[in-house]
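Structural characterization, general
Single-letter residue listing:
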Amino acid sequence: MLDALKFFLFVILLLVTIMLNQHVTSKRSAEIDLELLWQIQDTKGVYIVPNQTVPSGVYTALEQSMVIGSLLEEYNDVNTSWVGETDWIYRTNLSCLREEYDYVVLTFHGVDTFASVYLGETHLGTTENMFVRYRYDVKDLCDGDTRELRLQFRSSVVEARERAKDRALPVVPMCPPDLYHGQCHVNLIRKMQASFAWDWGLAAPSMGIWKPVRLEYYSSALIRDLTVAIAETVVGTDQRWMVDVGVYLETGLSSVPLNGLLTFKIIGVPLADEADQTLPVKDRTDANGELLVKHRLTVRKDAVERWWPNGFGKQALYSLYVRWEDVAVNGVKLPNPDTKISEKVIRIGFRTVELVQDPATDGLTFYFRVNDVPIFAKGSNWIPSSVLPERSYDANYVKFLLYAARDAHMNMLRVWGGGFYESDHFYRLADELGLLIWHDLMFACSMYPTDADFLRTVQDEVAQNVRRIQHHPSIAVWATNNENEVALRQNWYKTESNFSAYAAQYVELYVDTVQPTVLANDPWRTVLLSSPSNGDHRTEDGYIANNPQDPHYGDVHYYNYFLDGWNAAQYRGGRFVSEYGFQSFPAFTSWPEARSYGQSELSQLINHRQHSPLGNEPILAMIRYNLPLPTDPSNGDYWPELIYLSQLSQAMIVKTETEVYRAHRIEHGTMGALYWQLNDVWIAPSWSSIEYGGTFKLLHVWLRTIFAPEHLIAFINERRQLEVVAVRDTLAPAEELWEVEMRIHRYGSFRPVDRHFETVPVPANSVKLVPRWDVYGRLAQLGLHPADHLLLLTAYRNTSTHQPPDARQPVAENFVLLDKLKNIRPDQRVKPAVVIDVVSAVCNSQNNLTTVSLKVSVSVPALFVYLQLTPENSTLKQCQFSHNGFLQFQAVRTVTLTCVNPGCRNTIQARDITVRTVNDLLVR
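All of the points below concern the structure found in this document. (Residues numbered from 1 in each chain as written. Predicted model: local features only at pLDDT ≥ 70, side-chain atom pairs only at ≥ 80, totals over all residues. Heavy atoms only, no water.)

Some remarks on the overall build of the chain
Worth spelling out the cut-off: A run of DSSP states H or I qualifies as a helix once it reaches four residues; a run of E qualifies as a strand once it reaches two. Both are numbered from the N-terminal end. We compute the radius of gyration over the C-alpha atoms and compare it with the globule rule, which gives 2.2 Å times the number of residues raised to the power 0.38. Throughout this description, buried means an accessible area under 20% of the type-specific maximum (1.4 Å probe, protein chains only), exposed means over 50%, and partly exposed covers the range between.
Check the secondary structure of the chain and you find 16 helices and 49 strands. Here the C-alpha atoms of the chain give a radius of gyration of 30 Å, agreeing with the 29 Å that 2.2 N^0.38 yields for 924 residues. Once the C-alpha set of the chain is aligned to its principal axes, its extents read approximately 95 × 75 × 65 Å. Out of the 924 residues belonging to the chain, those deemed buried represent 59%.

The following block contains the structure:
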């Protein structure tokens, strides 16, 4: 108790000292954050921004001091480009005392990107990779004097430009397309590749200290990282878990002998052999002051619960505690023995994950098996939560996005290779929510250099980040890059004339450097060479397949922009579809400029932010295929209508494609569907299902049904036949009997014109084809036209209680359009009167969450009812409707709206909600 009180008082004193002068002293091993009182300025002293905290970035600091406007508004992506081409300085005062410590190390966990580091007049070193941790020995400078800690940043734009000069083999692509408004040669530097612009994002060549800066005091060894490899084993008659622990110790920056004891505990879990709890260590660190110590623990299986992906079971997590204690602690009496002790705790999960690539009749399988259960991977692709790396530390926003993924029944996210290795908070949440992570290394859509300095820093980057991340049970697989193999093989960047040279560089970087570095630090997981790739399938093509998109092997990326994406016959899929998707526009109310811009000005801004080389034409083409397309840009409703239709079209395309992939689980061996992309970095046309800031597009609302663990899939196949498939991702019971009701409805009537029933046994964790019903033949028998009708489907569990039909709860519901909506004939084009009533509204002052129950009443069937809050409610954040873009073939339904309502100040009324339907456009 006394020790705890002393430490508490020490921490309080230390915090006060840091705030006053960043003068740091310590009486025990410690990591002290240097986060306060930084000054940022350009090298000419024109712009000076005082009192900044780190993590930090130049763009954020300039915004906060109002030197520039918001990077994400209007045309500021171009107007502020000078920031990225300017050199900047970070400075603060630092005073520290080395006292009796053997090591005082200044550690930068993330510097973006090129900086010279000084403490006083002493040049400590330079940084060149934003993904690498940099350490500097400052013991001799910790003498109590106050010195300036200074980082002189060089423009990454200018540095990349300089590195491109005089290269015998150009590193391509040299620049992004002009319509990205981006910067060139980002592939020559180790920086977030998307920060120089992408087809979904703006150019923001960030600079700054984007991760914590710490002073580390200790006198023996510091535990930097813990890695684990967990596997099942049998010892005698005992079923056990085998936990291989890697302890990465550091002793400053030089080689020294180590003699001490490691202690291991899994909190609340007895080890099978108590002798495993300690391990004597007598060894020497390497020239960098690093030493890896390996140790094996075993745990009885009945002592722990398994970790499961979302939808398959609990996410049981356990704390692994490791302590280093120098042998001197138990020898002579030391004045401060704590300086020779280091402790670290990580959370682990007991589970097995295998990427199964077994021979099949037409290739190789490709699926994840978790705890011996085959998993159909349902999810999305994750890009950074902000284009500015320091803002990715917004823990609440990351939590919001990951919860949104979990709540949409996702069980996997792919961390895409053009962003960065995410924060510890991100991976902890993924563990808690059961979100498996497919993790790219940070190389994307480019060729890369392979000079010695580049390969050296890449090795450091990969080793450090894999060690930091790999203990998380959510990590399922690594891939060394995104689309670089397919880019090379398909000549995306005119590499064909020098194919052999580029291929040699590809092998040198990924096969000889990145992959073995990952495996050396994480032998627990599969490392794929690229995505897409043919996985384990190797031919005479070696490491660059003749067709990296072969649907019989590995994973594929599939995009269709001009065939009718609402038509299920366009999709076949592959073993695992790790990218697919379609663009839409963000909600009209999400554009801050919409209040002040005219229609023409808003059109120009939207076009400016549309970075797809194909422009808006694919969006318009899909609407034109299926819906009435607004044609008068001068009309005040043009953009609100077009945005609505774009989101409806995106939702229909991704719904159709995803459901085909889920239905093809047995027929084509498809076992994964990860759409592109979950989130966004600004308000712009993109493939995301969640807008920047948190507004759900229609697609994300629909995903709760599309990815539901129990689902009824229905579509018109390539033979123009109705195909209905019952899907169960659940594991128990082994089989369920479902009764499937199919109702033909006229568009203008609540009452069905015909019904058909089928009963089907649905096995656990599988799919089952429902007996075919010739719906078009039935329409012909009844003398009805397909264009005037749609099919509504409901599945019920066939229970022995013989409940009346109206009392049964549906297992799943779906719909099928029997013709294009634009072909509905005039007598079925009805316009419903839609009335919104607020039934109840409650705001929880604890979490500022407002929940509103809405009653939606319609006079006749309403097609794809689209609810939106009016712009006057802009202070409400992250608003979500429980249902949106829905078909309403009943007179009344209930919808719940939830919003973050700061201070519970806003009261939502019926007039605050606007309504659009496809009917409105059909009857004009």
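A short note on the packing of aromatic side chains
Let me state the cut-off plainly: Side-chain rings of Phe, Tyr and Trp, where Trp is taken by its six-membered ring, are said to pair if the distance between their centres is within 6.5 Å; with planes under 30 degrees apart they count as stacked, over 60 as edge-to-face, and otherwise as tilted.
Counted according to the given criterion, the structure contains 40 aromatic pairs. For the ring pair Phe131 and Tyr421, a centre distance of 5.3 Å and an interplane angle of 85° mean the geometry is edge-to-face. In this pair, Phe131 is assigned in the loop between β9 (122–127) and β10 (134–137) and Tyr421 in the loop between β29 (412–415) and α7 (424–433), connecting sequence segments 290 residues apart. Exposure remark for Phe131: the relative accessible area of 5% places this residue in the buried category. The exposure class assigned to Tyr421 is buried, which follows from its relative accessible area of 2%. Ring geometry for Trp416 and Trp676: centres 5.6 Å apart, planes at 75°, overall edge-to-face. Residue Trp416 is found in the loop between β29 and α7, and its partner Trp676 is found in the loop between β35 (672–675) and α14 (698–706); the two are separated by 260 residues along the sequence. For Trp416, a relative accessible area of 2% puts it in the buried group. Using a relative accessible area of 5% as the deciding quantity, one classes Trp676 as buried. By way of ring pairs, the aromatic residues Phe443, Tyr448, Phe454, Tyr506 and Tyr510 are connected into one cluster.

Section: the sheet that holds strand β47 (residues 886–888)
Each strand in a sheet pairs with its neighbour through backbone hydrogen bonds, running either in the same direction (parallel) or in the opposite one (antiparallel). We count it as follows: Strand pairing is defined by DSSP finding a minimum of two bridges between the two strands. Each axis is a line fitted through C-alpha atoms, taken for helices only over the stretch in contact, and angles between the N-to-C directions span 0 to 180 degrees. Residues count as neighbours in contact if any of their non-hydrogen atoms are within 4.5 Å of one another.
Reading across the sheet, the 3 strands line up as β47-β45-β49 and stay open at both edges, with antiparallel pairing between neighbours. Two strands lie at the open edges of the sheet, namely β47 and β49 (913–916), each paired on one side alone. Strand-to-strand twist in this sheet, taken as the mean axis angle between neighbours without regard to direction, amounts to 40°. For strand β45 (residues 862–869) and β49, the ladder comprises 4 bridges, and the chain directions are antiparallel. Looking at the pairing, Leu867 lines up with Val915 of β49. Against the sheet, helix α13 (residues 638–663) touches β45 and β49, its axis set at about 115° to β45.

Details of the state of the cysteines
By definition, a disulfide links two cysteine residues through a covalent bond between their sulfur atoms. We apply this condition: The disulfide criterion is simple: two cysteine sulfur atoms within 2.5 Å.
Scanning the model with the defined rule gives 4 disulfides in all. Between the sulfur atoms of Cys96 and its disulfide mate Cys142 the distance is 2.0 Å. Across the S-S bond linking Cys96 and Cys142, the dihedral sits near -80°, which makes this disulfide left-handed. In this pair, Cys96 is assigned in strand β5 (residues 88–97) and Cys142 in the loop between β10 and β11 (143–154), connecting sequence segments 46 residues apart.

By themselves these figures say nothing about function.
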